[in-house]
Amino acid sequence: MSTDEDYIKFFSDIWDHGTKDSPYKFAFGRFLVEYCKQQNPNLHVSFASIAEYFLKYYWPQVCRSNLKHNGHGDTMPVIVRCIKNNFTKLPYTQNYNDIEKKYPEKIKTCVEELSDPRSEFNCFKNVTYAFQRIRNDFGKGKFFQYKQTGENKKPGHNPVPTFDLDYGIDINPEAVTFFQKHHRILKKVIILEWTKFLEKFNNTPKLIEKTEGGKIERDQAKAGKFTKILLAAGFKTCFYNESHNLNERKIHADHVIPFSYIREDEIWNYVLSCDKCNLAKSDYLPPQKFLDKLIDRNTDESNPITGLKDSLDKLGDDPKKMISKYHADALSDGFILFKGSFD
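Calculation criteria
- Residues numbered from 1 in each chain as written.
- Predicted model: local features only at pLDDT ≥ 70, side-chain atom pairs only at ≥ 80, totals over all residues.
- Heavy atoms only, no water.
- Helix = DSSP H or I, 4+ residues; strand = E, 2+ residues; numbered from the N terminus.
- Buried < 20%, exposed > 50% of the residue type's maximum accessible area, 1.4 Å probe, protein only.
- Contact = heavy atoms within 4.5 Å.
- Areas by Shrake-Rupley, 256 points an atom, 1.4 Å probe, with all protein chains shown as cover.
- Lys, Arg positive; Asp, Glu negative; His and termini not counted.
- Charge placed at Lys NZ, Arg CZ, Asp CG, Glu CD.
- Pairing = 2+ DSSP bridges.
- 1 Å grid on protein atoms, 1.4 Å probe; cavity = no way out; pocket = protein on both sides within 12 Å on 5 of 7 lines; lining within 4 Å.
- Points joined across faces, edges and corners; volume = space filled by probe spheres on them.
- Phe/Tyr/Trp six-rings, centres within 6.5 Å; stacked < 30°, edge-to-face > 60°.
- Lys NZ or Arg CZ within 6 Å of the ring centre and 35° of its normal.
- Core = buried A, V, L, I, M, F, W, Y, C linked by side-chain atoms within 4.5 Å.
- pLDDT = per-residue confidence, 0-100.
- Expected span 1.5 Å × (residues − 1).
- Arc of directions from axis to C-beta.

Colleague: I'm lost on the overall build of the protein chain in this one. Help?
Modeller: Across its full length, the protein chain carries 15 helices and seven strands. Overall size of the protein chain, expressed as C-alpha extent along the three principal axes, is 70 × 45 × 40 Å. Within the protein chain, the fraction of its 343 residues that count as buried is 48%. By sequence separation, contacts in the protein chain at least 24 residues apart represent 71% of the contacts at least 6 residues apart. As presented, the protein chain carries roughly 17,400 Å² of accessible surface, and 48% of it is formed by carbon and sulfur atoms. Averaging the locations of the 52 positively and 47 negatively charged side chains of the protein chain gives two centres separated by 1 Å.

Shown next, in the form of structure tokens:
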């Protein structure tokens with residue numbers, strides 16, 4: 001019988017000594033921790049059920065934040081390719097629960113493709129045996145077992161198990177107790193390790209929050225406050241089309257660099273827009289001329305915007321450089337440049 005100390009050591013060794021060349025390992029670990037925390041979980045779990053967890057974890061990373069998941073250029077993990085194959089209009093501002101309700105058939109298709117052994121998008125062929133693997137030790141069912149069918153022996157490589165991809169896994173009852181007892185700290189460890197893995201490929205703010213995928217909402221109170229400040233400072237026309245008088249249109253407070261990337265509410269990134277232009281821009285990045293316009297506004301020392309200096313100070317010694325870097329990094333991370341017109 002294994003003790004808590006045995007399980008803690010094994011869990012730590014997975015991250016300290018196991019291979020971490022794929023983000024699937026983090027998703028599998030997070031699934032185990034979150035699945036087992038429920039009361040009386042079924043010990044047998046199908047790969048389709050695990051795929052539902054994987055999809056929930058990857059949705060905000062892929063479709064809201066456009067995170068990169070490896071350093072192989074265009075070679076994306078199959079789960080990322082599967083999601084992008086079914087959800088083509090990136091980025092999506094909705095949280096996963098909202099997407100489940102809005103596109104249930106697409107979600108169902110993703111789950112089926114991710115768990116089907118015959119699908120090009122099956123994502124369990126390697127991670128299932130690799131999760132518990134530390135060097136040449138495959139874990140001996142410490143956390144879970146799978147139905148092994150043999151071994152795959154390649155010249156020059158150590159043999160790896162082959163297993164029934166239609167079967168799923170059987171979780172060790174002792175492991176369930178361990179995950180239930182320590183699920184809060186174990187989840188934090190996994191998110192930290194996952195973030196450390198992703199930061200090698202992503203220059204993005206709020207990476208831990210984006211990795212975890214929590215429900216991060218705009219601060220509507222700040223939006224109202226900033227709208228009043230900008231109006232009092234004399235901004236009466238739409239930032240994107242100055243022929244649009246805000247006195248004659250519905251006013252929107254817009255994040256020039258999209259909130260889905262920046263994930264913070266600061267007045268240096270807020271402008272006033274008419275509803276039509278703001279809805280057109282959506283979560284796109286602004287063209288360079290609007291970035292330059294924002295920087296000029298923010299660096300104008302005669303600018304009467306209350307709180308602007310304190311907001312810019314958070315960007316460091318060179319706010320202009322940092323704002324430009326945010327724009328360039330967002331573009332590099334897959335955010336799309338707006339190419340429409342603000343008529």
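Now that the structure has been shown, we can carry on.
Colleague: For this particular structure, what's the right way to read the sheet that holds strand β5 (residues 169–171)?
Modeller: Strand order in the open sheet formed by three strands is β1-β5-β2, with antiparallel pairing between adjacent strands. What marks the edges here is a single partner per strand, and that holds for β1 (44–45) and β2 (144–146). Direction of pairing for β2 relative to β5: antiparallel, over a ladder of three bridges. Its bridge partner lying in β5, Gln145 is registered against Asp170.

Colleague: Teacher, can you tell me more about the side chain of Asn298 here?
Modeller: Of note, Asn298 is situated in helix α13 (residues 288–299). Asn298 sits in the buried class, given a relative accessible area of 5%. The residues contacting Asn298, other than those within four sequence positions of it, are Trp268, Leu308, Leu312 and Ile323.

Colleague: What is the right way to read the layout of surface pockets from this model?
Modeller: To find leftover empty space, a probe the size of one water molecule is rolled over the atoms. Quantified by volume, the largest pocket comes out at close to 660 Å³. Taken together, 25 residues line the largest pocket, and the ones lying closest to its centre are Lys125, Asn126, Val127, Tyr129 and Ala130. Of all the secondary-structure elements, those providing two or more residues to the lining of the largest pocket are α2 (24–36), α7 (127–130) and β4 (160–163). When residues in the lining of the largest pocket are grouped by element, the largest group, four residues, is from β4.

Colleague: How do you make sense of the packing of aromatic side chains when you look at a structure like this?
Modeller: When we look at a pair of aromatic rings, we describe it by the centre distance and by the angle of the planes. Tallying each qualifying case throughout the model produces 40 aromatic pairs. Ring centres 6.1 Å apart and planes at 85° place the aromatic pair Phe28 and Phe54 in the edge-to-face group. Of this pair, Phe28 sits in helix α2 while Phe54 is found in helix α3 (residues 47–64), placing the two residues 26 residues apart along the sequence. In this pair, the class of Phe28 matches that of Phe54, namely buried. Taking 5.5 Å as the distance between ring centres and 90° as the angle between the ring planes, the aromatic pair formed by Phe290 and Phe342 counts as edge-to-face. Here the residue Phe290 occupies a position in helix α13, and Phe342 occupies one in the segment after α15 (319–332), the gap between them amounting to 52 residues. Each of the two residues, Phe290 as well as Phe342, counts as buried. A cation over a ring is seen here: Lys293 above Phe239, with NZ or CZ 4.6 Å from the ring centre.

Colleague: Where do I start with the nonpolar core in this structure?
Modeller: Inside soluble globular proteins, nonpolar side chains tend to come together where they are buried. One finds Phe28, Phe31, Phe124, Phe143, Ile169 and Phe179 to be the most contacted residues of the largest nonpolar core, which totals 67 residues. Ranked by residues supplied to this core, first place goes to α3 with 11 residues. Each residue touching Phe143, except ones within four places of it in the same chain, is listed here: Tyr7, Phe10, Phe11, Ile14, Phe131, Gln132, Ile171, Asn172, Ala175, Phe178 and Phe179. Grouped together as the second largest cluster of nonpolar side chains are 35 residues, Leu294, Ile295, Leu315 and Phe335 included.

Colleague: How do you make sense of unusual backbone geometry when you look at a structure like this?
Modeller: Working note: non-glycine residues mostly have negative phi, and peptide bonds are mostly trans. Within the chain, Lys140 stands out as a residue other than glycine whose phi angle is a positive 50°. Position of Lys140 relative to the elements: it lies in the loop between α7 and β2. For Lys140, a relative accessible area of 74% puts it in the exposed group. Backbone geometry at Lys206 places phi at a positive 55°, although glycine is not the residue there. Looking at where Lys206 falls in the secondary structure, it is placed in the loop between α8 (173–198) and α9 (207–212). Lys206 sits in the partly exposed class, given a relative accessible area of 34%.

Colleague: Looking at this structure, how should I read the confidence of the model for the protein chain?
Modeller: It should be kept in mind that the predicted coordinates are not to be read in detail where pLDDT is low. Per-residue confidence for the protein chain averages 90 on the pLDDT scale, and 99% of its residues sit at or above 70. Mean pLDDT in the protein chain bottoms out at helix α11 (residues 259–262), which sits at 86, and peaks at β1, which reaches 98.

Colleague: Could you clarify how one ought to interpret α13 in this entry?
Modeller: Each α-helix winds once per 3.6 residues, and so residues spaced three or four apart point in a common direction. Its 12 residues give α13 an end-to-end C-alpha distance of 16 Å, which sits within 8% of 16 Å, the value for a rise of 1.5 Å per residue. Phe290, Leu291, Leu294, Ile295, Arg297 and Asn298 are the residues of α13 that are buried. Mapping the buried residues of α13 onto a view down its axis gives an arc of 160°, with all of them on the same face. Away from its buried face, by an angle of more than 90 degrees, α13 presents the exposed residues Lys289 and Asp296.

Colleague: Explain the pairing of strand β7 (residues 270–274) here, please?
Modeller: A regular strand carries its side chains on alternate faces of the sheet. Burial analysis of β7 places five of its five residues in the buried class, which makes it a mostly covered element. Here β7 shows a buried face lined by Tyr270, Leu272 and Cys274 and a second buried face lined by Val271 and Ser273. With five bridges connecting them, strand β6 (residues 251–255) and β7 associate as antiparallel partners. In the sheet register, Ala253 faces β7, and the bridge partner there is Leu272.

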